[in-house]
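The primary structure of each chain is shown beneath.
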Amino acid sequence: MQKNALNILLADDDEDDRLFFKDAFEEIKIQTKVQFVHDGMQLMDHLMDPENKLPDILFLDLNMPKKTGKECLIEIKKTDRLKNIIIAIYSTSSSEEDIEDTFVQGANIYIKKPSDFNTLKKIINEVVTVNWHYHTSGLNRDNFLLRLK
Amino acid sequence: MKWIPNFNSSNSLRVIFVIAVFILLFLSSIAYKHNQDLNESSKLAMHTYEINLQLERLMSAIKDAETGQRGYIITRNNRFLSPYLYSRDKVNASFVTLKKLTVDNAVQQKNLENLFKLIIQRFVSFENCLKYSDPKTYDKRKLDNHMFGGRILMENIRFQVDKMNDIERKYLKKRLEIYDQEISLSPVFSISLFLTALVFILLAYRQISRDFQRLKVFNKRLLISSGLMDESEIIGKFSTWQWDLDANKIDYSDNQFRLLGVPPNSFVPVKETFLDFVHSDDKQEVSKSMDAIIEKKNLPFIYYKIVRPNNEIRYFKSTGKLLTDQQGSKILLGINFDITDEHLLNIELQERNKELEKSNKELASFNHVASHDLQEPLRKIQTFISRVSEADKAVMSESGRDYISKIAVSAKRMRVLIDDLLLFSRTNTTKKEFIKSNLNELLQNAESELTEVIHEKKAIINASKLPKLEVIPYQIEQLFINLIGNSLKYNRAGVAPEISIESEKVVSTDYPDLLEQSVKKFYKITFRDNGMGFDPQFKETIFILFQRLHSKTDYPGTGIGLAICKKIVENHKGHILADSTQNVGSTFTVFLPE
């Protein structure tokens, strides 16, 4: 394991999506270590276990069994050890309500799952290479939802 | 309080009566005095007459004595001497009477004393005459002297008597004159006073009869209005009750009894009677608010149930107010409404509301299904197709490649459909926040959203100044996008699209069939293009959901765009119209309330 490899964690119950995600990361050739969890409970267990290294970026699906993405988000933001993890919401939904809620709860960016593999690669590339410190300080309602130029 | 007719005359009536009574009292006291005076004067006349009489008696007694003595002196017969002897007693008796009669008059007393002295001297002269006429002691000269002296004394006595009579007469005359003066004043005065009193009483009578007429009229009106009140209570299903707090007397209107399910006046209400009818659930509440009304003077509406004697439950709404009338007595006025029908209707409405809420929730969950669950597999189909690499395609048969591309087109179309449907349903379900917005800015946003197509088609958009209106900004932006997008899409082949947007203020009365008449002024915004246009017979159907005029291979679309436009305009209580001439252009007119 390389020292400065990015630690990525995807929480998504959909096997196909995890597959697309894994393939996309392999193709963009950025040094990353991608891990997967299948539902909200597993995500929280993984994060709470001190043995596990905390991810640099957490991609969080909203619609998950056992514990939804929103519930996980709230819990993470309440936990001191976890609250600084960069959280990218990664969801099929583009409803105003979901975007609004997750913004208020402190997620860093909202990604609507694309329907094209090349777009997915672009998105992941964008998210991974963004200067998060800079992005977070200028975060507002308008740039919260990721739009590719 | 206004509802008591004001009889102002009662005070002036009182004044008139008091004046009349005083005048009459004054008149009767004058009459009494007059009577008194008459009495006095007659007594006085009697008094004078009596004195006169007594003095005459006195005189005649002396004359009797004189005559007797003379007879005796001439005849020397003792029989003549007896009147002389009696006269002395008579004189004395008269004298005593006179003394009594003149007891209050010092002058007359003095005169009487002088008279008495003269009479004594006269009698002394009588004695001397008798003495010197007696043959034994006869002395002619002395007798002559005494006889003559007696004559003079007699004249003096007569003078004195006349003087006394005179004084009495003068006194009487003076007194009568004084009375006459007093009495002569009163007839004119008293008659005028009497007439005044009469006038006052007549005035009062007139006022009373007028008041009586007015009272009759008011009484009739009161009867009518109380009858009407009874009727309206029955019709309006309400009732009134009054509680006179000072007399602690409670009155129910007839309908109050009826609302409680008993015949009118079937019992005498006291404070607790009403509570007997109140449902046990609400008893405490009602009792509390009845007490509170006395403190707060006002009762907000309370809602409760009552139980009729036949166990029927009715729903009541009540209010009340503490009134203080002109006399300062406190009356609690209460009004009860039987709202059972409304209440039941309300319950029904609530149930329907719940059903509506339920179906709304279902709609929302349908939305969710559409947005999530339907999109998910579609997205995967599209992603998997995008995963079929060029290398994969190269080893496929031609028809295989064709199928793949057809799958991709269909999937894309399905995505557009789902997105548009979602947009359409969100136009209605998402919250509608009206914000004062500059429509020029919204138009700019719409244009920038469409920049690519505008560039591609080399379109020209001319917009006049648009107003600032209270709108749902993102919806109006969507409206502009759809309308301009439509014009861009259906341009005439080989002609660059030209869209002109104009706005003017109109009054709703000019468009009675189209516009909400409760709003006076509207802005009419027209979008005119030089596109291919459409057959005007479709100018209404084009706003219907999924209604399309062109084949989807020529012009991709879902038939939702204009339906969304219509919905957005309806959300703003406006109206949208379309008109067109084929191969010349179309015009869309949007009315938005000011």
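Rules used in this analysis
Residues numbered from 1 in each chain as written. Chains lettered and ligands numbered in written order. Predicted model: local features only at pLDDT ≥ 70, side-chain atom pairs only at ≥ 80, totals over all residues. Helix = DSSP H or I, 4+ residues; strand = E, 2+ residues; numbered from the N terminus. Buried ≥ 20, exposed ≤ 12 C-beta atoms within 10 Å, placed from the backbone. Contact = placed C-beta atoms within 7 Å. Pairing = 2+ DSSP bridges. Axes fitted to C-alpha atoms, helices over the stretch in contact; angles between N-to-C directions. Expected span 1.5 Å × (residues − 1). Arc of directions from axis to C-beta. Left-handed = near helix turned anticlockwise from the far one by under 90°. Nonpolar A, V, L, I, M, F, W, Y, C, P; charged D, E, K, R; others polar. pLDDT = per-residue confidence, 0-100. Parallel < 35°, antiparallel > 145°, perpendicular 65-115°, else oblique. Core = buried A, V, L, I, M, F, W, Y, C linked by C-beta atoms within 7 Å.

(A) View of the overall build of chain A. On a plain count of helices and strands, chain A comes out with seven helices and five strands. Here chain A, with 149 residues, has 33% of them falling under the buried criterion. Partitioning the intrachain contacts of chain A with sequence separation of at least 6 by distance along the chain shows that 72% fall at a separation of at least 24.

(B) The overall build of chain B, seen in detail. A tally of helices and strands in chain B yields 15 helices and 12 strands. Counting every position in chain B, which comprises 594 residues, the buried fraction comes to 21%. Put simply, 66% of the contacts in chain B that link residues at least 6 apart link residues at least 24 apart.

(C) Local environment of the sheet that holds strand S3 (residues 57-60) of chain A. All names here are of chain A. Taken together, the five strands give an open sheet; going across it, the order is S2-S1-S3-S4-S5, and neighbouring strands pair in parallel fashion. With one partner strand each, in any of the chains shown, strand S2 (32-37) and strand S5 (109-112) form the two edges of the open sheet. On average, each strand axis in the sheet is inclined to that of its neighbour by 20 degrees, with strand direction left out of account.

(D) Spotlight on helix H5 (residues 117-129) of chain A. Residue and element names in this part refer to chain A. Its 13 residues give H5 an end-to-end C-alpha distance of 18 Å, which sits within 8% of 18 Å, the value for a rise of 1.5 Å per residue. Every buried residue of H5 is accounted for by Phe117, Leu120, Ile123, Ile124 and Val127. Projected onto a plane normal to the axis of H5, the buried residues spread over an arc of 115 degrees and lie on a single side.

(E) Structural view of the packing of helix H14 (residues 473-489) of chain B against helix H15 (residues 561-571) of chain B. Residues and elements named next belong to chain B. For the pair H14 and H15, the least separation of the axes is 9 Å and the interaxial angle reads 145 degrees. For the crossing formed where H14 meets H15, the hand is left-handed. Residues Gln475, Gln478, Leu479, Asn482, Leu483, Gly485 and Asn486 of H14 form the contact with H15, whose own contacting residues are Gly561, Leu562, Ile564, Cys565, Ile568, Val569 and Asn571. For the contact of H14 with H15, a count of residues per class yields seven nonpolar, seven polar and no charged.

(F) Quick peek at the interface of chain A and chain B. At the interface, 12 residues of chain A touch 12 residues of chain B. Secondary-structure elements contributing two or more residues to the side of chain A that touches chain B are helix H1 (15-28) and H5 of chain A. Per-class residue counts for the side of chain A that touches chain B are two nonpolar, six polar and four charged.

(G) Up close: the environment of B:Phe434. Residues and elements named next belong to chain B. Position of phenylalanine 434 among the secondary structure elements: in the loop between helix H11 (398-429) and strand S6 (435-438). Along the chain, phenylalanine 434 and histidine 572 lie 138 residues apart, while their C-alpha atoms are 8.9 Å from each other. Discounting chain neighbours no more than four positions away, the residues touching phenylalanine 434 are Glu470, Val471 and Ile472.

(H) Representation of the confidence of the model for chain B. In the predicted model, chain B carries a mean pLDDT of 84, and the fraction of residues at 70 or more is 96%. Reported for the predicted complex are a pTM of 0.50 and an ipTM of 0.81.

(I) Spotlight on unusual backbone geometry. Phi angles above zero are rare outside glycine, and B:Lys237 is one such case at about 55 degrees. Tracing the backbone through its elements, the reader meets B:Lys237 in the loop between helix H4 (140-236) and strand S1 (238-244).

(J) Seen up close, the sheet that holds strand S3 (residues 298-307) of chain B. All names here are of chain B. One open sheet holds the five strands; their spatial order is S2-S1-S5-S4-S3, and the pairing between them is antiparallel. In this open sheet, the two strands that pair with only one neighbour each are strand S2 (249-252) and S3. Recorded for the sheet is a direction-independent mean angle of 20 degrees between the axes of neighbouring strands. Pairing between strand S4 (residues 313-324) and strand S5 (residues 330-338): nine bridges, direction antiparallel. Each residue of the ladder has a partner; that of threonine 319, found in S5, is isoleucine 335. Docked against the sheet, helix H7 (residues 283-296) engages S3, S4 and S5, running at close to 160 degrees with respect to S3.

(K) Looking closely at the packing of helix H2 (residues 40-48) of chain A against helix H3 (residues 69-78) of chain A. All names here are of chain A. One can describe the packing of H2 onto H3 by two numbers: an axis separation of 9 Å at closest approach and a directional angle of 20 degrees. On the basis of the axis angle, H2 is roughly parallel to H3. As H2 runs across H3, the sense of the crossing is right-handed. Note on element contacts: H3 touches H2 through Gly69, Glu71, Cys72, Glu75 and Ile76, opposite Gly40, Leu43, Met44 and Leu47.

(L) Representation of the nonpolar core in the model. Counting 35 residues, the largest nonpolar core has B:Ile476, B:Leu479, B:Phe480, B:Leu483, B:Cys565, B:Val590 and B:Leu592 as the members making the most contacts within it. Those elements that place two or more of their residues in this core are helix H12 (439-449), strand S8 (468-471), H14, strand S9 (498-507), strand S10 (521-529), H15, strand S11 (575-581) and strand S12 (585-593) of chain B. Setting aside chain neighbours within four positions, we find B:Leu483 in contact with B:Phe527, B:Cys565 and B:Phe588. A:Phe20, A:Leu58, A:Cys72 and A:Ile87 belong to the second-largest nonpolar core, a separate cluster that totals 33 residues.

(M) The pairing of S4(B), seen in detail. All names here are of chain B. For S3 and S4, the ladder comprises eight bridges, and the chain directions are antiparallel. Residue pairing in the sheet places asparagine 298 in a bridge with lysine 321 of S4. As consecutive antiparallel partners, S3 and S4 are separated by five residues, and within that stretch asparagine 311 has a phi angle of approximately 70 degrees, a positive value. The hairpin formed by S4 and S5 contains five residues between the paired strands, and glycine 328 there has a positive phi angle of roughly 85 degrees.

(N) Region of the structure containing H12(B). Residue and element names in this part refer to chain B. For H12, the complete set of buried residues consists of Leu439, Leu442, Leu443 and Ala446. Along H12, the residues classed as buried sweep out an arc of 100 degrees about the axis, all on the same side. The inward-facing, buried residues of H12 abut S6, strand S7 (460-463), S8 and H14.

(O) Representation of the environment of B:Ile481 in the model. Residue and element names in this part refer to chain B. Mapped onto the elements of the fold, isoleucine 481 is located in helix H14. The sequence separation of isoleucine 481 and leucine 443 amounts to 38 residues, and the corresponding C-alpha distance is 8.1 Å. Among all residues touching isoleucine 481, those that are not within four sequence positions of it are Ala446, Glu449 and Leu450.

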